[in-house]
Amino acid sequence: MGRMRRLWSLVAGKPQEQQTKQSPDPQSKSRVASPTAEPKTPATSVLVVGAGSTGLALAQGLKQSGISCVVVEKHDSFDAQPRDWNMGLHWGVEPLRSLMTDEMWSHIQSAQVDPSEPPPDYDSLKFLNAQTGECMAAIPVQSFYRLRRRKLRGLLAQGLDIQYGKRLRTLTFSDDGKLATALFDDNTSITASLVVGTDGARSTVRQELLGPNSGRIRQLPYCATFVQARFTAEQALFLRGFHPMYLAGIHPAGHFAFFGMHDVEDPDKPETWTFFFYISWQSTLEEQEATAGWNNAQRLQQVKEFSKCFTNPWRSAFEWVPDDQQVWYMGLTEFNPCVSGHRWDNHGGRVTLAGDAAHAMTYQRGQGLNHSITDAAKLVEATHQLLTGKSTPTDAITMYEDEMIARAGGEVSLSTVNTEMVHDWQKVLQSPVLTAGVTKRSVDPST
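These remarks concern the structure in this document. Bear in mind that the values here come from a model prediction, so they are computed numbers and not experimental data.

## As for the overall build of the protein
So, step 1. When helices and strands are tallied, the protein shows 14 helices and 17 strands.
So, step 2. The buried share of the protein, reckoned over its 447 residues, is 55%.
So, step 3. Partitioning the contacts of the protein with sequence separation of at least 6, the portion at a separation of at least 24 is 76%.
So, step 4. Accessible area of the protein: about 18,800 Å², with a carbon and sulfur share of 50%.

## Details of unusual backbone geometry
So, step 1. For the bond from Asn 312 to Pro 313, the omega torsion is 15 degrees, close enough to zero to count as cis.
So, step 2. Looking at the secondary structure, you find Pro 313 in the loop between helix H9 (296–307) and helix H10 (314–320).
So, step 3. Phi at Asn 187 is positive, roughly 70 degrees, even though this residue is not glycine.
So, step 4. Within the secondary structure layout, Asn 187 lies in the loop between strand S10 (180–184) and strand S11 (189–197).
So, step 5. Although it is not a glycine, His 347 sits at a positive phi angle of roughly 50 degrees.

## Comments concerning helix H2 (residues 53–64)
So, step 1. Between its first and last C-alpha, H2 extends 17 Å over 12 residues, near the 16 Å set by a 1.5 Å rise per residue.
So, step 2. In terms of burial, H2 is largely enclosed, as 10 of its 12 residues are buried.
So, step 3. Buried within H2 we find Ser 53, Thr 54, Gly 55, Leu 56, Ala 57, Leu 58, Ala 59, Gln 60, Gly 61 and Leu 62.
So, step 4. A positive phi of about 75 degrees marks Gly 66, the residue just after H2.

## Quick word on a nonpolar patch on the surface
So, step 1. Where nonpolar side chains cluster on the molecular surface, the patch consists of Phe 238, Phe 242 and Trp 320 and spans about 250 Å² of accessible area.
So, step 2. Looking at the secondary structure, you find Phe 242 in the loop between helix H7 (233–240) and strand S13 (246–251).

## Side note on the packing of H2 against helix H5 (residues 149–156)
So, step 1. Closest axis-to-axis distance for the H2/H5 pair is 9 Å, and the angle between their directions is 20 degrees. The orientation of H2 relative to H5 falls into the category roughly parallel. Relative to H5, H2 is oriented so that their crossing is left-handed. Along its contact with H2, which presents Ser 53, Leu 56, Ala 57 and Gln 60, the element H5 presents Arg 149, Leu 152, Arg 153 and Leu 156.
So, step 2. In terms of residue class, the contact of H2 with H5 is built from four nonpolar, two polar and two charged.

## Details of the side chain of Thr 198
So, step 1. Tracing the sequence through the fold places Thr 198 in the loop between S11 and helix H6 (204–214).
So, step 2. Here the side chain of Thr 198 touches Gly 50 through a polar contact of 2.9 Å, landing on its backbone oxygen.
So, step 3. Beyond its immediate chain neighbours, meaning those up to four positions away, Thr 198 contacts Val 48, Val 49, Gly 50, Thr 54, Gly 55, Leu 58, Ala 354 and Ala 357.

## Here we look at the sheet that holds S13
So, step 1. Taken in spatial order, the seven strands line up as S6-S5-S13-S14-S15-S12-S16 in an open sheet, and their pairing is mixed. A strand with exactly one partner marks an edge of an open sheet, and here the two such strands are strand S6 (135–142) and strand S16 (327–334). Strand-to-strand, the axes of this sheet are offset by a mean angle of 25 degrees, without reference to chain direction.
So, step 2. The sheet contact formed by strand S5 (residues 122–129) and S6 spans seven bridges and is antiparallel. Within S6, the residue paired with Phe 127 across the bridge is Ala 137.
So, step 3. Each of strand S12 (218–229), strand S14 (255–264), strand S15 (273–282) and S16 is contacted by H9, which is oriented at about 80 degrees to S15, the strand it contacts most.

## Side note on the packing of aromatic side chains
So, step 1. According to the stated counting rule, one finds 21 aromatic pairs in the structure shown.
So, step 2. Seen in terms of ring centroids, Phe 256 and Tyr 278 are 6.4 Å apart; in terms of plane orientation they differ by 35 degrees. Their pairing is tilted. Here Tyr 278 lies in strand S15 and Phe 256 lies in strand S14, a separation of 22 residues in the sequence. We note that Phe 256, like Tyr 278, is buried.
So, step 3. Where Phe 258 meets Phe 276, the ring centres are 6.4 Å apart and the plane angle is 70 degrees; that geometry is what we call edge-to-face. Taken together, the positions of Phe 258 in strand S14 and Phe 276 in strand S15 put the pair 18 residues apart, joining distant regions of the chain.
So, step 4. Overall, Phe 258 belongs to the buried group, its relative accessible area being 9%.

## Topic: the side chain of Asp 84
So, step 1. Mapped onto the fold, Asp 84 is located in the loop between strand S3 (69–73) and strand S4 (86–89).
So, step 2. Exposure remark for Asp 84: the relative accessible area of 6% places this residue in the buried category.
So, step 3. A polar contact of 3.1 Å, which involves the side chain of Asp 84, links it to the backbone nitrogen of Arg 150.
So, step 4. Polar side-chain contacts of Asp 84 include one of 3.5 Å to the side chain of His 262.
So, step 5. Residues contacting Asp 84, with those up to four places away along its chain left out, are Arg 148, Arg 149, Arg 150, Gln 228 and His 262.

What counts, and where the lines are drawn
Residues numbered from 1 in each chain as written. Predicted model: local features only at pLDDT ≥ 70, side-chain atom pairs only at ≥ 80, totals over all residues. Heavy atoms only, no water. Helix = DSSP H or I, 4+ residues; strand = E, 2+ residues; numbered from the N terminus. Buried < 20%, exposed > 50% of the residue type's maximum accessible area, 1.4 Å probe, protein only. Contact = heavy atoms within 4.5 Å. Areas by Shrake-Rupley, 256 points an atom, 1.4 Å probe, with all protein chains shown as cover. Expected span 1.5 Å × (residues − 1). Patch = residues over 30% accessible without salt bridge, like charges linked within 9 Å, V, L, I, M, F, W, Y side chains within 5 Å. Salt bridge = Lys/Arg side-chain N within 4 Å of Asp/Glu carboxyl O. Axes fitted to C-alpha atoms, helices over the stretch in contact; angles between N-to-C directions. Parallel < 35°, antiparallel > 145°, perpendicular 65-115°, else oblique. Left-handed = near helix turned anticlockwise from the far one by under 90°. Nonpolar A, V, L, I, M, F, W, Y, C, P; charged D, E, K, R; others polar. Polar contact = N/O pair within 3.5 Å; in protein donor to acceptor, adjacent residues only side chain to side chain. Pairing = 2+ DSSP bridges. Phe/Tyr/Trp six-rings, centres within 6.5 Å; stacked < 30°, edge-to-face > 60°.

In short, the description is geometric, and any link to function would need to be established separately.
Structure representation (structure tokens):
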């Protein structure tokens, strides 16, 4: 207890001046708590809002650094969301490893879509002409993990203080510049020295800081329909024969497609393998609004029609799924923290954002998880600076944000440009995904 008091005294430091800049959105709801309601000590050093991959990775890193942390999640249980998906981890491997114990990292293979297939040291991500099957490019990748989100979250959740059913209502900030308090819909609250919003692309924390207008996600004129399906053993062996893990395709009609594994329950029983595949296409915002009421059968029928002019594996995979197969449709979105009016007030280093909450990006370039995990690693470093007294909260969090916004905000721009290009056959060979691959790039955030 004495150690925690000493750590808190380092976190609190001298009272920080309230930042004088106003929120860009006049509808911003952030409020300052009454001094009479201020607790003398925080309930935890860091409160993480959102138990996704970013929030859990951050919490693990804080735990390894001896920093008290509570994670809150709006859903009532860990598996409340029936949806699951998988993500590519490549240049973000080392940041993720730094956030985990050696014992935990030794189990990272269990989070792979196929735990029986360790990622090779060197591989290539193939991009096919999705009409002819011709290989347009083979992008070299190193230690390319394909991780199931649910399994990764399960691994990262071990040993953490996670409270479920906590839907954020608002944030308040003490007058002395030291504390932030999160108020929830169940009329409970948690006070911390730092609140981190890791609550996804439609972040409540971001909208709390910027208001409902500036903090809103930007809808793009593209959409996609995803399928996760099993097949007969013979069909599964045929489909996986194109690549054991992942394959991308670009169609002259202006469609982009992905095909890969999602889960291998038993490597010796192909009928237990689950495949993950989608087709994305250009769709105006007006069209998206007009089809908002479509049911599952209509969504599936639409992509089945698209797939008829595709090469395999897409043509056969879509043909073989039954007409009542569950699908997942979504419009593509972005949030770019580099855009004017999108820089939030961190209230003297007491609140910030990470992951999709800070920089939601399109996924055709496969960069989201890598930047989000890097955010978590950088934020652990910033918090450590506070606890060791090497930096004030304002300076540490602002430095974290400056680096994160330049790095990931630039990626938001590049990913959106890439999405536009891969859906335009005339421009497709100019796409960064073909000219630069999936490596991290230095991007001028002003472009």
